[in-house]
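# Coordinate inspection notes
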Amino acid sequence: MSGQHTVAATMLGCRVVRATQSALVLALTLCCVTGGATPTERAVVAHLQAGRLPAAAAGVAALPANTLDAEARRQRLQSLVIQQREHAQALLALAQTDLRQGRTITAVERFESAASLDEDLLRHPQTTALQATRRRLWETRNAVLHCLRLRDAACMDQSMRKAQQTAASDPVVAVMALQAAGWWTPDQPGSAQAVDGTTGAR
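Presented here is an overview of the structure given in this document.

Each value, and the rule that gives it
- Residues numbered from 1 in each chain as written.
- Predicted model: local features only at pLDDT ≥ 70, side-chain atom pairs only at ≥ 80, totals over all residues.
- Heavy atoms only, no water.
- Helix = DSSP H or I, 4+ residues; strand = E, 2+ residues; numbered from the N terminus.
- Buried < 20%, exposed > 50% of the residue type's maximum accessible area, 1.4 Å probe, protein only.
- Contact = heavy atoms within 4.5 Å.
- Polar contact = N/O pair within 3.5 Å; in protein donor to acceptor, adjacent residues only side chain to side chain.
- Axes fitted to C-alpha atoms, helices over the stretch in contact; angles between N-to-C directions.
- Parallel < 35°, antiparallel > 145°, perpendicular 65-115°, else oblique.
- Left-handed = near helix turned anticlockwise from the far one by under 90°.
- Nonpolar A, V, L, I, M, F, W, Y, C, P; charged D, E, K, R; others polar.
- Expected span 1.5 Å × (residues − 1).
- Core = buried A, V, L, I, M, F, W, Y, C linked by side-chain atoms within 4.5 Å.
- Phe/Tyr/Trp six-rings, centres within 6.5 Å; stacked < 30°, edge-to-face > 60°.
- Lys NZ or Arg CZ within 6 Å of the ring centre and 35° of its normal.

Below, the discussion takes up the overall build of the chain. Helix and strand counts for the chain come out as 8 helices and 0 strands. Burial analysis of the chain (202 residues in total) assigns 39% to the buried set. Partitioning the intrachain contacts of the chain with sequence separation of at least 6 by distance along the chain shows that 63% fall at a separation of at least 24.

Pasting the structure below:
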């Protein structure tokens, strides 16, 4: 695997972790809705996976309850919608506490996990500060990745300083710095082997 691909895989790692929650919800749902799920039930499952809780709740409300089995299936799905919303709210509360206490990386990871369970959180006024922090974090990560791809030492110095200011211990940035170790030494641009046309090129 190339260095850039390794970095990309690492940066996607947090998204894989977040997706685990939705995968768990799907597994639970499929266990509950057995024996030939209806199109509406399958739609509810899809909405849960995508974090579209209002749509999932609307789908549950549209399910028939004319038999004991149908009512039981409807109640199980309704319970999953409620549990997913509560889990998202709990993660959001933890993220807000982390942000207040300066734990930037944990705050962003928990916020992204919450938003993967309930996408409405991305539009909620109470998440404005978390969204701004998340945006700054990913902007600095992308800046470091850009310099890494260019093999530009001066660019790396600048982007790494900004990344340290945004989050002092970002494991994603640390991995990217490790990927650049073969050609870049912090604050020593002369050690770089940049490609032609970049500030570190010789």
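So, on to the side chain of R141. Among the secondary structure elements, R141 is positioned in helix α6 (residues 128-150). Within the local environment of R141, its side chain forms a polar contact with the side chain of D170, the two groups lying 2.8 Å apart.

It is worth spelling out the packing of α6 against helix α7 (residues 153-166) at this point. Direction vectors running N to C along α6 and α7 enclose 160°, while the axes themselves pass 9 Å from each other. Between α6 and α7, the angle falls in the class roughly antiparallel. Relative to α7, α6 is oriented so that their crossing is left-handed. On α7, the residues that touch R136, L137, T140, A143, V144, H146, C147 and L148 of α6 are C155, M156, S159, M160, K162, A163 and T166. When grouped by side-chain class, the residues that make up the contact of α6 with α7 number 9 nonpolar, 4 polar and 2 charged.

Helix length check: α7 (14 residues) gives 20 Å between terminal C-alpha atoms against 20 Å at 1.5 Å per residue, within 8%. For α7, the set of buried residues is A153, C155, M156, D157, S159, M160, A163 and T166. Buried positions along α7 lie against α5 (104-117), α6 and α8 (171-179). Its side-chain oxygen at 3.2 Å from the backbone nitrogen of A154, D152 defines the N-terminal cap of α7.

The subject of this paragraph is α5. Taking 1.5 Å per residue, 14 residues should reach 20 Å; α5 reaches 20 Å between its end C-alpha atoms and fits that length. For α5, the buried fraction is high: 11 of the 14 residues fall into the buried class. When α5 is considered as a whole, its buried residues turn out to be T104, I105, A107, V108, F111, E112, S113, A114, A115, S116 and L117.

Once that is clear, we can look at the nonpolar core. In this structure, V144, L148, M156, M160, M176, W183 and W184 are the most contacted members of the largest nonpolar core, which totals 16 residues. Looking at this core, the element that brings in the most residues is α7, giving 5 residues. A88, L91, L92 and A114 belong to the second largest nonpolar core, which has 10 residues in total.

Attention now moves to unusual backbone geometry. Phi at R151 takes a positive value of approximately 55°, unusual for a residue other than glycine. With respect to the helices and strands, R151 occurs in the loop between α6 and α7. A positive phi angle, near 60°, is found at D187, a position not held by glycine. Relative to the elements of secondary structure, D187 occurs in the segment after α8.

Let's shift gears to the side chain of T133. Here T133 is to be found in helix α6. Discounting residues that sit within four places of it in the chain, T133 has contacts with L99, T104 and V108.

What follows covers the packing of aromatic side chains. The full count for this structure, using the stated rule, is 0 aromatic pairs. Between the NZ or CZ atom of R141 and the centre of the ring of W138, over which it lies, the distance is 4.7 Å.

What follows is about the packing of α5 against α6. Between α5 and α6, whose axes approach to 10 Å, the crossing angle comes to 110°. Classified by the angle their axes make, α5 and α6 are roughly perpendicular. In this structure, the crossing between α5 and α6 has a hand that is left-handed. Mapping the contact onto sequence places T104, I105, A107, V108, F111 and E112 in α5 and L130, Q131, T133, R134, L137, W138 and R141 in α6. Across the contact of α5 with α6, the residue classes break down as 7 nonpolar, 3 polar and 3 charged.

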